[in-house]
Amino acid sequence: MGLNKDRVVLVTGASRGAGKGIALALGATGATVYVTGRSQKEGDAPLPGTVFATAEAVTARGGKGIAVVCDHSDDTQVKTLFEQIEREQGRLDILVNNALYVPPELVQHGPFWEKPLSLQAILDVGMRSTYVSSYYAAPLLVKAGAGLVVNTSSFGGRCYMHGPAYGAGKAAVDKMAHDMAVDFKPYNVAVVSLWMGLLKTERSQAVFDADPELYRDMEATAESPEFPGRVIDALANDPQLMARTGKVWVGAELAEEYGVVDIDGKQPPSHRPMLGDVTTFSDAVIE
């Protein structure tokens, strides 16, 4: 995939949270990192962060950050995004499908029918947007001669987590990684689903800070938003990357295997003992 500083990367949904952290970690390798988001100025969203601030931070880390305002529920905007990357770079080496609509009612307790029907929007920006971005990215990844697609996901793809809308969305991107890997394999492009742990995002940190005593243990084992990006960098550098394609991987477990630590020098734990094993798929291929 070339030297780190020569990589062309796209991280979707990177105004804040996991996307921002992943972009920063990959930017620190010297890569050119395109970052997308809807937040153009502070106040556009309830949480802090803008796509332009992320791009500037990527550049400050030693990479080249390029902000693209993009609503991933709009296919035309997504198509235009990839036309820009093709025009400016001619290829794409890593696609991180991270854009996700996170409604404020997501963590509301109770059965799904007592929550707003609008929660299903997570299946639009999250599930569907992963397919659309991968669709438009494919020619650029193939042109590069090798590549990596990472769908950010979680244990919610296998266990009950925040209800059926969230779970269905995560299970779907896991399966997409498996199926897209079949189509991409002849072109030396790997596709994986990466299960992240609890992240110290702006949203989570606000919860932790509101009741430090209650959430002390949870915060102690949480991953920084940059941790998944460090894992993705290690994946991209793995000479046996294609042996991992089409599978679901726990970020913390890959990190331990690769010798990757978080920004505090610690090794975050895998939540497999508490939340269960990763999803596995059949090797059968029916065309």
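Refer to the preceding data block for the structure.
Residues numbered from 1 in each chain as written. Predicted model: local features only at pLDDT ≥ 70, side-chain atom pairs only at ≥ 80, totals over all residues. Heavy atoms only, no water.

Considering the packing of aromatic side chains
According to the stated counting rule, one finds four aromatic pairs in the structure shown. Geometrically, the ring pair formed by Tyr135 and Tyr136 is edge-to-face, given 5.2 Å between the ring centres and 90° between the ring planes. Looking at Tyr135, the relative accessible area reads 54%, which means it is exposed. Positioned above the aromatic ring of Trp249, the side-chain terminus of Arg244 is 4.8 Å from the ring centre. (Phe/Tyr/Trp six-rings, centres within 6.5 Å; stacked < 30°, edge-to-face > 60°. Buried < 20%, exposed > 50% of the residue type's maximum accessible area, 1.4 Å probe, protein only. Lys NZ or Arg CZ within 6 Å of the ring centre and 35° of its normal.)

Brief notes about empty space enclosed by the protein
Under the defined criterion, the tally for this structure stands at two cavities of 30 Å³ or more. Quantified by volume, the largest cavity comes out at close to 90 Å³. If you go around the largest cavity, you meet 14 residues; those closest to its centre are Leu100, Gly126, Thr152, Lys170 and Val173. At the level of elements, helix H4 (124–144), strand S5 (147–153) and helix H5 (164–184) are the ones that each hand at least two residues to the lining of the largest cavity. Broken down by element, the lining of the largest cavity gets its largest block of residues, four residues, from H5. The class makeup of the residues in the lining of the largest cavity is six nonpolar, seven polar and one charged. The space that makes up the second largest cavity amounts to roughly 30 Å³. Around the second largest cavity, the lining residues are Thr12, His72, Asn97, Asn98, Ala99, Ser129, Thr130 and Ser133. (1 Å grid on protein atoms, 1.4 Å probe; cavity = no way out; pocket = protein on both sides within 12 Å on 5 of 7 lines; lining within 4 Å. Points joined across faces, edges and corners; volume = space filled by probe spheres on them. Helix = DSSP H or I, 4+ residues; strand = E, 2+ residues; numbered from the N terminus. Nonpolar A, V, L, I, M, F, W, Y, C, P; charged D, E, K, R; others polar.)

In short, shape yes, function no, at least from these values alone.
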